[in-house]
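Here is how the chains run, residue by residue.
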Amino acid sequence: DARVTQTPRHKVTEMGQEVTMRCQPILGHNTVFWYRQTMMQGLELLAYFRNRAPLDDSGMPKDRFSAEMPDATLATLKIQPSEPRDSAVYFCASGVEETQYFGPGTRLLVL
Amino acid sequence: AQKVTQAQTEISVVEKEDVTLDCVYETRDTTYYLFWYKQPPSGELVFLIRRNSFDEQNEISGRYSWNFQKSTSSFNFTITASQVVDSAVYFCALRGGSSGTYKYIFGTGTRLKVLA
């Protein structure tokens, strides 16, 4: 049963530190999405890729967030420097044939 | 512009009751895709169903059924004989079919509480 994996599952860090979240999409999926979920904003799309090429990152704060796909088996989301308002659950999803499947999420707390 | 509205913020039912979660969408695309996802207390988002705009057949999967009506731009989700394990937040989502569009628009979710 193929699944999207995300690491770490939980991260506590201090303001100003760099945070890197990793995602392994399901083998064969050609789209990868990064979402952020908070109580206030709900699910927000941060960025997405198709065939490893970034298609849209308009949802990301450009000055501190960056998303990459170094290869087909790894997507990364970096925050540098992190701020308390970045505290949220970050989901990665991978997709094929119009359907996306979510990973378990990374719960980030920035103190 | 594309939009998904889930007007019901929270619903509480007693176990074994039937419950319907509403989803209304807006899109100008002639081809589009509709989805339902479940987010249980554990936090993971679980895919439940995808519906293509050109397939208006309703679908039943066990206690779950979906009613897709293009005429009213609705894609409602019914749980029959609800169980405590159905307690979760349910999200409806839309993806347009225009070339180069891969963005999904999510509703704000409906929190379902099934009481024993």
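Right, let's walk through the structure included here.

How each quantity is defined
- Residues numbered from 1 in each chain as written.
- Chains lettered and ligands numbered in written order.
- Predicted model: local features only at pLDDT ≥ 70, side-chain atom pairs only at ≥ 80, totals over all residues.
- Heavy atoms only, no water.
- Helix = DSSP H or I, 4+ residues; strand = E, 2+ residues; numbered from the N terminus.
- Rg over C-alpha atoms; globule rule 2.2 N^0.38 Å.
- Buried < 20%, exposed > 50% of the residue type's maximum accessible area, 1.4 Å probe, protein only.
- Contact = heavy atoms within 4.5 Å.
- Areas by Shrake-Rupley, 256 points an atom, 1.4 Å probe, with all protein chains shown as cover.
- Lys, Arg positive; Asp, Glu negative; His and termini not counted.
- Charge placed at Lys NZ, Arg CZ, Asp CG, Glu CD.
- Pairing = 2+ DSSP bridges.
- Axes fitted to C-alpha atoms, helices over the stretch in contact; angles between N-to-C directions.
- Salt bridge = Lys/Arg side-chain N within 4 Å of Asp/Glu carboxyl O.
- Polar contact = N/O pair within 3.5 Å; in protein donor to acceptor, adjacent residues only side chain to side chain.

**A closer look at the overall build of chain B**
Item 1. What chain B contains, in helices and strands, is zero helices and 12 strands.
Item 2. Secondary structure elements of chain B occur, N-terminal to C-terminal, as β-β-β-β-β-β-β-β-β-β-β-β.
Item 3. Relative to the globule expectation of 13 Å for 116 residues, the C-alpha radius of gyration of chain B, 14 Å, shows essentially globular dimensions.
Item 4. For the C-alpha atoms alone, the extent of chain B along its principal axes is close to 45 × 25 × 20 Å.
Item 5. Of all 116 residues assigned to chain B, the portion counted as buried reaches 46%.
Item 6. For chain B, long-range pairs separated by at least 24 residues make up 56% of all intrachain contacts whose partners lie at least 6 apart in sequence.
Item 7. Summed over all atoms, the accessible surface of chain B reaches about 5700 Å², with 47% contributed by carbon and sulfur.
Item 8. If you average the places of the 12 positive and of the 12 negative side-chain charges in chain B, the two averages end up 6 Å apart.

**A word on the sheet that holds strand β7 (residues 65-71) of chain A**
Residues and elements named next belong to chain A.
Item 1. Read from one edge to the other, the open sheet built from four strands follows the order β1-β3-β8-β7, with strand pairing classed as antiparallel. At either end of the open sheet lies a strand with only one pairing partner, and these are β1 (5-7) and β7. On average, each strand axis in the sheet is tilted by 20° relative to the strand beside it, whichever way the strands run.

**Topic: the pattern of salt bridges**
Item 1. Throughout the structure, instances matching the rule amount to 12 salt bridges over all chains.
Item 2. Across the pair D57 of chain A and K62 of chain A runs a salt bridge, and its minimum N-O distance is 3.6 Å.
Item 3. One salt bridge in this structure joins D86 of chain B and R63 of chain B, with 2.8 Å as the shortest N-O distance. Here R63 of chain B lies in the loop between β7 (59-61) and β8 (64-69) and D86 of chain B lies in the loop between β9 (74-79) and β10 (88-96), a separation of 23 residues in the sequence.
Item 4. Exposure remark for R63 of chain B: the relative accessible area of 24% places this residue in the partly exposed category.
Item 5. It is possible to trace a salt-bridge network through shared partners that takes in R64, E83, R85 and D86 of chain A.

**Remarks on the pairing of strand β10 (residues 99-102) of chain A**
Residue and element names in this part refer to chain A.
Item 1. Pairing geometry for strand β9 (residues 88-96) and β10, over four bridges, is antiparallel. Within β10, the position partnered with S94 by the bridge is Y101.
Item 2. Here β9 folds back onto β10 in antiparallel fashion, the turn holding two residues, of which E97 has a positive phi close to 50°.

**What to know about the side chain of S94 of chain A**
Residues and elements named next belong to chain A.
Item 1. Here S94 shows up in strand β9.
Item 2. A polar contact is formed between the side chain of S94 and the backbone nitrogen of I26, at a distance of 3.2 Å.
Item 3. The contact partners of S94, leaving out residues within four places of it in the chain, are V4, P25, I26, H29, T31, V32, T99, Q100 and Y101.

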